[in-house]
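Overview (structure and organization)
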Amino acid sequence: MIELRSDNTAGVAPEILAAVQAANAGSALAYGGDDLTARLQEVVRTVFEHPTARVFPVTSGTAANALALSAATPPWGAVLCHRSAHIITAEGGATSLFGGGAVMQGVDGAHALIEPELLRAALESVRWGDPHESQPSVLSLTLPSDLGTAYRPDQVAELSATAREFGLRTHVDGARVANAVAALGCSPADLTWRAGVDVLSLGATKNGALSAEAIVAFDDRIADELVYRTKRAGHVTSKMRFQSAQVAAYLTDGLWLRLAAHANMRMAELVAGLQPLASYGVRLQERVDVNLAFVELPERAIEAALEAGLLCYRMSPTSVRLVTSWQTTPEDVVVAAAVLREAVSAATR
Ligand SMILES: Cc1ncc(COP(=O)(O)O)c(C=O)c1O
């Protein structure tokens, strides 16, 4: 079996398990009053080069997004995001629940990235001050997007500047932000607060943590709200030190970027391995910036590949999603590419 269904299927990185083990010595104050949570605060400020950033560990990406957004929008607000964004397509309306009824509105753009002109047009068409219409209050950028494409820092800056012109704050859904930072080769600060981001959902689970994610607030007013909102939502866990230890280990000595670069590299190798299939009509449906690829294949080839033990999600009868992780090996990629090549040539014989 070759695992390419999701990076969520991967295990826990040994360095992170070791950090949990180390945190298990002795006792510590509950609810984030422990030394490891204090250390995480310092690690986040160092890694993001932001002296007043505040971090809130939570247990899922959905919670990170819904809580971060609820702290940044009034209940009558609208969160603008790309039409394909996870918050609007795959979180069961969690943002609206936590946001007291705030709605999400989709904006278009090629490659699952919001286009600046379309954002401006959406904002210009709002009846500002009219209580009959939800008032846009936050721009949420999924980075990388659900289709595996990433905004560059200058693109984030342009979008957040437009948003700010209309009084909106900017949130980043960074469930895989490490993969984007690693692929772009930029600093975490340049991709976030220096580009106008007010609050970040910092993913860690997909990239090697054990159900630990964090919200990083670069804006004190958002952080002040999160103190209460995280508690009311049940995310101020009593043994927070085990989550804090994970996220701190993740961000220390570049572990998060090494794990992400590994996943990205495996995907680049896989894409290269599929190149010979172009003559059979096999094509990538989207640009591959990180560790996700969407591939169009003959229906029979997909069936044959699945039967041969390639684990992947079928998006339609003729397309699949392939995802590599920190755990995918170069050998996995060689075998996966061979299985797909064989399946395609058999299907087109
Ligand atoms: C882009 C993105 N954001 C948020 C999430 C939500 O994370 P979780 O499944 O931990 O709630 C996911 C999960 O697949 C995701 O892909």
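Residues numbered from 1 in each chain as written. Predicted model: local features only at pLDDT ≥ 70, side-chain atom pairs only at ≥ 80, totals over all residues. Heavy atoms only, no water.

**Overview of the site of the ligand**
The following threshold applies: Distances are taken per atom, and a residue is near a molecule or strand as soon as one of its heavy atoms is within 4 Å of it. Contacts described as polar in this section are N or O atom pairs within 3.5 Å, which, within protein, must combine one atom able to donate a hydrogen with one able to accept it, while residues neighboring in sequence count only if both atoms come from side chains. In these tables, accessible area is a Shrake-Rupley quantity obtained with a 1.4 Å probe, and a residue counts as shielded only by the protein chains included in the view. Per the convention used, a helix needs a DSSP run of H or I reaching at least four residues, while a strand needs a run of E reaching at least two, with both numbered from the N terminus. Residues are grouped as follows: Ala, Val, Leu, Ile, Met, Phe, Trp, Tyr, Cys and Pro are nonpolar; Asp, Glu, Lys and Arg are charged; all remaining types, including Gly, are polar.
Taken together, the neighbourhood of the ligand is formed by 13 residues, with Gly61, Thr62, Glu91, Asp173 and Lys206 sitting nearest. Contact between the ligand and Gly61: an oxygen atom at 2.8 Å from a main-chain N or O atom of the residue. Asp173 places a polar side-chain atom, nitrogen or oxygen, 2.7 Å from a nitrogen atom of the ligand. Notes on the ligand: free accessible area 390 Å², of which the protein chains cover 80%. In terms of residue count, helix H3 (residues 61-70) provides more of the shell around the ligand than any other element does, three residues in total. Along the lines of polarity and charge, the residues of the shell around the ligand split into one nonpolar, seven polar and five charged.

**Description of the environment of Gly99**
Condition: Contact definition: two residues touch when any of their heavy atoms are within 4.5 Å.
Along the chain, Gly99 falls in the loop between helix H5 (94-98) and strand E4 (103-107). In this structure, Gly99 is in contact with Ser70, Pro74 and Pro75, ignoring residues within four places of it in sequence.

**Here's the deal with the sheet that holds strand E13 (residues 319-323)**
Using the following cut-off: Strands qualify as paired when DSSP identifies two bridges or more between them. To obtain each axis, a line is fitted to C-alpha atoms, and for helices this fit is confined to the stretch in contact; angles are then taken between N-to-C directions over 0 to 180 degrees.
With antiparallel pairing, the four strands of this open sheet are ordered in space as E9-E10-E13-E12. Looking along the sheet, the strands with just one partner apiece sit at the ends: strand E9 (283-284) and strand E12 (313-316). Examined bridge by bridge, strand E10 (residues 292-296) and E13 share five bridges and lie antiparallel to one another. Bridging from a neighbouring strand, Leu292 pairs with Val323 of E13. Relative to the sheet, helix H12 (residues 255-274) contacts E9, E10 and E13, its axis offset from that of E13 by approximately 145 degrees.

**Concerning the sheet that holds strand E7 (residues 199-202)**
Within the open sheet, the seven strands sit side by side as E2-E8-E7-E6-E5-E3-E4. Their pairing is mixed. This sheet does not close on itself; its edge strands, each paired only once, are strand E2 (54-58) and E4. On average, each strand axis in the sheet is inclined to that of its neighbour by 25 degrees, with strand direction left out of account. Helix H10 (residues 220-232) contacts E2, strand E6 (169-174), E7 and strand E8 (213-217) of the sheet and is inclined by roughly 30 degrees relative to E2.

**Examining the domain arrangement of the chain**
What counts here: Boundaries between domains were set according to an automatic or database domain assignment. Joining two parts hides part of their accessible area as seen by a 1.4 Å probe, and the buried area is that hidden amount summed over both. We define a salt bridge as a contact between a side-chain nitrogen of Lys or Arg and a carboxyl oxygen of Asp or Glu at a distance within 4 Å.
Domains assigned within the chain are domain 1 (2-7 + 256-347) and domain 2 (13-253). Domain 1 and domain 2 are separated by 29 Å when their C-alpha centres are compared. Listed per partner, the contact involves 19 residues of domain 1 and 28 residues of domain 2. Roughly 2,000 Å² is buried in total at the junction of domain 1 and domain 2, and carbon and sulfur atoms are behind 58% of that figure. Seen at the junction of domain 1 and domain 2, the total is one salt bridge. The salt bridge partner of Asp7 is Arg176, with a shortest N-O separation of 2.7 Å. For the interface between domain 1 and domain 2, the tally reads nine residue pairs in polar contact (both at pLDDT 80 or more). At the level of secondary structure, the elements contributing two or more residues to the side of domain 1 that touches domain 2 comprise H12 and E10. Each residue belonging to the side of domain 1 that touches domain 2 can be placed in one class, and the counts come to 11 nonpolar, two polar and six charged.

**What about the packing of helix H6 (residues 116-124) against helix H7 (residues 153-165)?**
Counted only if it meets this: When describing relative orientation, an angle under 35 degrees is termed roughly parallel and one over 145 degrees roughly antiparallel, while 65 to 115 degrees is termed roughly perpendicular and anything else oblique.
Put simply, H6 and H7 touch, their axes get as near as 10 Å, and they point 10 degrees apart. The orientation of H6 relative to H7 falls into the category roughly parallel. Two secondary-structure elements touch here, H6 through Pro116, Leu119, Arg120 and Leu123 and H7 through Glu158, Leu159, Thr162, Ala163 and Glu165. In the contact of H6 with H7, the residues fall into five nonpolar, one polar and three charged.

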